[in-house]
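Next come the chains, spelled out residue by residue.
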Amino acid sequence: MMREWIVFALCMGVGGHIALGFVLHAPGLWPWSMAWLYGLMSGLAVYGLVQGARGAWRLLRSSPKTPRQTGSTDPW
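Residues numbered from 1 in each chain as written. Predicted model: local features only at pLDDT ≥ 70, side-chain atom pairs only at ≥ 80, totals over all residues. Heavy atoms only, no water.

Caption draft 1: Focus on the pattern of salt bridges. Taken as a whole, this structure holds 1 salt bridge when the rule is applied. A salt bridge links Arg54 to Glu4, with the nearest nitrogen and oxygen atoms 2.9 Å apart. You can see Arg54 sitting in helix α2 (residues 35-61) and its partner Glu4 sitting in helix α1 (residues 2-25), a full 50 residues away along the chain. The partly exposed category is assigned to Glu4, whose relative accessible area is 26%. (Salt bridge = Lys/Arg side-chain N within 4 Å of Asp/Glu carboxyl O. Helix = DSSP H or I, 4+ residues; strand = E, 2+ residues; numbered from the N terminus. Buried < 20%, exposed > 50% of the residue type's maximum accessible area, 1.4 Å probe, protein only.)

This is the structure in structure tokens:
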């Protein structure tokens, strides 16, 4: 459970940095008055991407192993 909170906090921090970068480098695109909302939305988007990548990684890691991967010489 603690690991999930750490991942969430890191993603929110990255989202805040993304929003800060846009506000500082393109103030016409993202005004300061809405920076908090864009930071929150960016953080949630990053969190969604991270969770999707973690889910895909788990699916790839749990795929059935071929005989060569298990060390077996019997093909069946």
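Caption draft 2: Highlighting the side chain of Arg54. A distance of 2.9 Å separates the side chain of Arg54 from the side chain of Glu4, its partner in a polar contact. If we skip the residues at most four places from it in the chain, Arg54 touches Arg3, Glu4 and Val7. (Polar contact = N/O pair within 3.5 Å; in protein donor to acceptor, adjacent residues only side chain to side chain. Contact = heavy atoms within 4.5 Å.)

Caption draft 3: Region of interest: the side chain of Ser42. Structurally, Ser42 is set in helix α2. Accessibility expressed as a relative area gives 12% for Ser42, which makes it buried. Residues in contact with Ser42, not counting those within four places in the same chain, are Gly15, Ile18 and Trp30.

Caption draft 4: How the structure looks around α1. Between its first and last C-alpha, α1 extends 35 Å over 24 residues, near the 34 Å set by a 1.5 Å rise per residue. Three or more residues of α1 are buried, namely Val7, Cys11, Gly15, Ala19 and Val23. Buried positions along α1 lie against α2. (Expected span 1.5 Å × (residues − 1).)

Caption draft 5: Here's a closer look at a nonpolar patch on the surface. Residues Met1, Met2, Trp5, Ile6 and Leu10 make up a contiguous nonpolar surface patch of about 660 Å² in total accessible area. You can see Leu10 is positioned in helix α1. Residue Leu10 is classed as exposed on the basis of its relative accessible area, which comes to 57%. (Patch = residues over 30% accessible without salt bridge, like charges linked within 9 Å, V, L, I, M, F, W, Y side chains within 5 Å. Areas by Shrake-Rupley, 256 points an atom, 1.4 Å probe, with all protein chains shown as cover.)

Caption draft 6: Region of the structure containing the packing of α1 against α2. Close contact between α1 and α2 brings their axes to 7 Å; oriented N to C, the two are set at 135°. Considering the angle they form, α1 stands oblique to α2. As for how α1 packs across α2, the hand of that crossing is right-handed. On α2, the residues touching Arg3, Glu4, Val7, Phe8, Cys11, Met12, Val14, Gly15, Gly16, Ile18, Ala19 and Val23 of α1 are Ala35, Tyr38, Gly39, Leu40, Ser42, Gly43, Leu44, Val46, Tyr47, Val50, Gln51 and Arg54. Split by residue class, the contact of α1 with α2 holds 15 nonpolar, 6 polar and 3 charged. (Axes fitted to C-alpha atoms, helices over the stretch in contact; angles between N-to-C directions. Parallel < 35°, antiparallel > 145°, perpendicular 65-115°, else oblique. Left-handed = near helix turned anticlockwise from the far one by under 90°. Nonpolar A, V, L, I, M, F, W, Y, C, P; charged D, E, K, R; others polar.)

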